[in-house]
Amino acid sequence: MSTDIAQALKDLANAKALAASATRRLGHSGLTAGQAAYFALLTEDLAQELTRTQVHAAAALRTTGAHKLDQESFQAITDLGPDPTIEEIEAVKGRTTTGRTHFKDAKGLMTGWLDIPRSTATTRLVQADCLLGGVDEAGQPTEPWLPELAAQFEDPSIDPRLVASAAMKLHSVRKDLGEGKAAEAKKQHLQAESAAFLRSEPKSARKHINDLVAQVKAGKRPLKALLDGIGIFKRGMRKGLVEYLFRVLPSHSAYIDAYFANLDNPSTVAGNRQGLKDVDAQFTGEETNGWDDEGSKPDWAKDRPGDEDVEDIEDDPPEEGLNPDAEDPHSQADDHRPEDDSAEENPANGEWEDLTPERRRLVGFMALLMSERKPNGSPPDQQAGLASSQVSIILDWEKMQEQAEDFAVTSSGILLSPGEARTALCTAGILPVVLNGKSLPLDLGRTQRLFSKAQVRALRAAYRGCSYPGCSMPAQRCEADHLDPWEKGGRTDINSAVLNCLIHHTARHCGLFHAVKIPGSRPMVLLPPELDPEQKLRVNTYFMTPAEALDAEALAEETTMRWRAGLLDVEIAEP
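Residues numbered from 1 in each chain as written. Predicted model: local features only at pLDDT ≥ 70, side-chain atom pairs only at ≥ 80, totals over all residues. Heavy atoms only, no water.

K.L.:
Provide a residue-level description of the pattern of salt bridges, including the pertinent values.
P.N.:
Pairing of side chains with opposite charge becomes possible as their charged atoms draw close. The final tally for this structure, using the stated rule, is 17 salt bridges. Note that arginine 62 is salt-bridged to aspartate 129, the shortest N-O span being 2.7 Å. Placement of arginine 62 in helix α2 (residues 33-64) and of aspartate 129 in helix α6 (residues 118-131) is noted, with a sequence separation of 67 residues between them. By relative accessible area, arginine 62 is classed as partly exposed at 21%. A salt bridge links glutamate 548 to arginine 464, with the nearest nitrogen and oxygen atoms 2.9 Å apart. Placement of the pair is glutamate 548 in helix α19 (residues 546-564) and arginine 464 in the loop between α17 (453-463) and β5 (479-482), with a sequence separation of 84 residues. Assigned by exposure class, glutamate 548 and arginine 464 land together as buried. Each of Glu44, Asp159 and Arg161 takes part in a single network of salt bridges with overlapping partners. (Salt bridge = Lys/Arg side-chain N within 4 Å of Asp/Glu carboxyl O. Helix = DSSP H or I, 4+ residues; strand = E, 2+ residues; numbered from the N terminus. Buried < 20%, exposed > 50% of the residue type's maximum accessible area, 1.4 Å probe, protein only.)

K.L.:
Any chance you could break down the side chain of asparagine 540 for me, citing the residues and the numbers?
P.N.:
Mapped onto the secondary structure, asparagine 540 falls in the loop between β9 (537-538) and α19. There is a polar contact of 3.0 Å between the side chain of asparagine 540 and the backbone oxygen of cysteine 471. When residues no more than four places from it in sequence are discounted, the contact partners of asparagine 540 are Ser204, Cys466, Ser467, Tyr468, Pro469, Gly470 and Cys471. (Polar contact = N/O pair within 3.5 Å; in protein donor to acceptor, adjacent residues only side chain to side chain. Contact = heavy atoms within 4.5 Å.)

K.L.:
Before we move on, can you summarise the pairing of β5 with the specific residues and values?
P.N.:
Successive side chains on a regular strand alternate, one facing one side of the sheet and the next facing the other. Where burial is concerned, the two faces of β5 agree: the one with Glu479 and Asp481 and the one with Ala480 and His482 are both buried. The pairing of β5 with strand β6 (residues 497-500) spans 4 bridges and is classified as antiparallel. Note that in β6 the partner of alanine 480 across the bridge is leucine 499. (Pairing = 2+ DSSP bridges.)

K.L.:
Provide a residue-level description of unusual backbone geometry, including the pertinent values.
P.N.:
Even without being glycine, aspartate 115 reaches a positive phi, approximately 60 degrees. Residue position: aspartate 115 is located in the loop between α5 (106-112) and α6. For arginine 464, which is not a glycine, the phi torsion comes out positive at approximately 70 degrees.

Right under this line is the structure:
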């Protein structure tokens, strides 16, 4: 063993000791907020480097045949302890044997000696094959299966955990790619697109790579095979609960997601939190917040003498000369929070989020199953849990002419097959939305402060979700945000608006990031230097298809270069 290798192993042993010592000291109170943040940053950087180390170690176990070490070698390695000398490390070369050993292969060594879970050991060896190379049946080294990702795996500017995860995803379709030159071309295409996502927008890379893999798997299966696999399957009783497995087509998923989106909106009748708790009580028997009679009310809720004669009065009477019935220009938010078009406002929205999203959706689903239609056959009146699903499907005429796979996409980015799109055209209401036009019919200028429902519908179709890069909040839960402040002469026009979730809407107005208006393009986002040292213009691609996301990232890159070169006049919107 060379001295360099022994020194490297010594450094690794020292690093473990240093990390343990630092953790013991930093785990106690006394850290300032800034020190805690730096502690977390260093820890994540260390975890990233450790990911590379683990995959390299797995590859080394296999290529050296370490599972064939004899008993004396394993004992000598164990005796080294946590703080060996260079000389002791050099002396432990190990001796392999052709006789019977403790472990059959590298995976067995990792699970039996290192106590690594079998699934984790398998994952690391697969990652080693894809990113570092392996060995063939003759024991000769082989090249990495994914050479482009292999280069990214060693790039210190890219999170190796994302690269390793992407490698596992691509490896899962290895058999679906087939064999020969066509299979190799498909693999190279998948690898190139995955590498582009990892390089340009790591926050959304995992989602888009999953979509790429799903497209490959779906493309290999005919419609009949898909239909044979859908359904609701009862899996039996586990831990006191009955489990069901749902397998649905993408078009089914779009309706389910839209139904859940309405349930998740507390400003609708269907999503009213207290109403959902009352519905839940019908199935669980749990008490709700209501009181059976006056005697069961707490003191603060009981009527006091004379309360019935007291009329509601304003805390602050209107100033002289103002109409008390006129709309207060400061009583609403600066921008419009879109309502659900299919449900009315419900004023009782002050309940705590006692129900988890998963349980809330089950309550709504059960309410739907248990609802009764009226004698005349009409649907039941609106009540908590009964939401009407509204799914937006965007058909791209140019892509349809080119017979592209992603010509029909739901607002949440779900691809629809041609058959599913034709079915939707037959049964759904058709609302033409012309994008990339002058949008004059949807521009209201200074005539109206709040965005109209038609404008919000167009924004949802165009942007599909929050503008902040990596945010997964869908359009139905976002607010239309003026990029030009209304109080400073801004206009209520489509090209001066974006969708932002409640958190990022507030963050933008607090100056935590900036929206950037681009001539002839959708608005983009400029993150602060502490979050994005490169200071690139960015787009949230979370709800786009992989092909759309790649085009959007390319456009953002090109726009950034033109902006830095002084070839493009962009406008950074005021907070």
